Structure formats: C-alpha cells, structure tokens
Amino acid sequence: MNSKTITELRVTNHEMYVDFIKRVHKCRTNPKVSQQVQSCCDYIEMHLDEPLTLQFLAKRIGYTDYYLSRKFKKQRGISVNDYIRFARIEHAKMLLTSTEEPVYAIAERLQFCSGSYFAEVFQLVSGMTPQGWRDKTRRV
C-alpha cells in the first residue's frame, strides 16, 4: 500500500478496519446467537458512522422492532442501542489512538448528538474522558 496523501491513508485505514472486523467476526461467531442477530451486529460494526436505529435494523432483517429488541437482548445480554453505543465507543478509542482527528469531529463522525454527550458516554464505558484516553494511549 503506497498511500501518498492523507485521503489515501484514510481510505487504506478504513479498508484495514473493515477487513479486521470481518476477520474478528469469523473468529467470534457464537452458535448461541442467531444469524439475524449476528447480521445486525455485523451491520452495526460496519456502519458506525451512519445513523442506526432499531427500526432500521429490524426492517433490514424482516423483524418487527419489538421482536428484534427482545431477541437481541436475550441473545446478547444488552439492548440494540447499548450495543451501538458500545461499538461506537470502541471505534472512537481506535480513532483517538491512531489519528489526530479532534474529539468533537470523532463525536460527530460517530453520530453522537453532541460532544458533551459523547464525552459522557465515553467516560461511562471506558472510565476516562476521550482526551484522557488519547493522552494515555499515546504515552504507551
């Protein structure tokens, strides 16, 4: 890969991320999780920078909102919305560590309604602020 510009590097970074997600999926396929719920998880992981709703995901796999919500919670142990938030925070951790993108831009990119809400959720999930995470991981 011979990236010569920041744009080319970002494209390469995204391609590597997509490949990584696919490989992780192959390793972590859980026989206790239905194909439909796994399909939702995969879609979420691949589209973190797009608006994601329970209604959209349910329609995508042919379920009602209620049925997907119940099935997802039973099989994964958390709600669809909590899974989306957690996946976005995990992706944010990677972006904070590997890019110079400002925290507010990462929050916007990952569909958080505000920087303060992003910081609140990030701290709840990781135990530190986004900037604290960036500082800590950059020192290592």
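If you're wondering where the values come from, they're calculated on a predicted model, not measured in any experiment.

A. Just a nonpolar patch on the surface, in detail. A cluster of nonpolar side chains, contributed by Phe86, Leu124 and Val125, occupies part of the molecular surface with about 300 Å² of accessible area. With respect to the helices and strands, Val125 occurs in helix α7 (residues 115–126). The exposure class assigned to Val125 is partly exposed, which follows from its relative accessible area of 33%.

B. Looking closely at helix α4 (residues 65–76). Given a rise of 1.5 Å per residue, 12 residues ought to cover 16 Å, and the 16 Å separating the end C-alpha atoms of α4 matches this to within 8%. Within α4 the residues assigned to the buried category are Leu68, Lys71 and Phe72. Seen along its axis, α4 keeps its buried residues to an arc of 100°; they face one direction. More than 90 degrees from the buried face of α4, the exposed residues found are Tyr66, Arg70 and Lys74. As for α4, its buried residues are in contact with α2 (35–46), α3 (54–61) and α5 (80–98). Once α4 ends, the next one or two residues include Gly77, with phi positive near 85°.

C. Structural context of the environment of Leu68. Along the polypeptide, Leu68 turns up in helix α4. Residue Leu68 is classed as buried on the basis of its relative accessible area of 0%.

Rules behind the numbers
Residues numbered from 1 in each chain as written. Predicted model: local features only at pLDDT ≥ 70, side-chain atom pairs only at ≥ 80, totals over all residues. Heavy atoms only, no water. Patch = residues over 30% accessible without salt bridge, like charges linked within 9 Å, V, L, I, M, F, W, Y side chains within 5 Å. Areas by Shrake-Rupley, 256 points an atom, 1.4 Å probe, with all protein chains shown as cover. Salt bridge = Lys/Arg side-chain N within 4 Å of Asp/Glu carboxyl O. Helix = DSSP H or I, 4+ residues; strand = E, 2+ residues; numbered from the N terminus. Buried < 20%, exposed > 50% of the residue type's maximum accessible area, 1.4 Å probe, protein only. Expected span 1.5 Å × (residues − 1). Arc of directions from axis to C-beta. Contact = heavy atoms within 4.5 Å.

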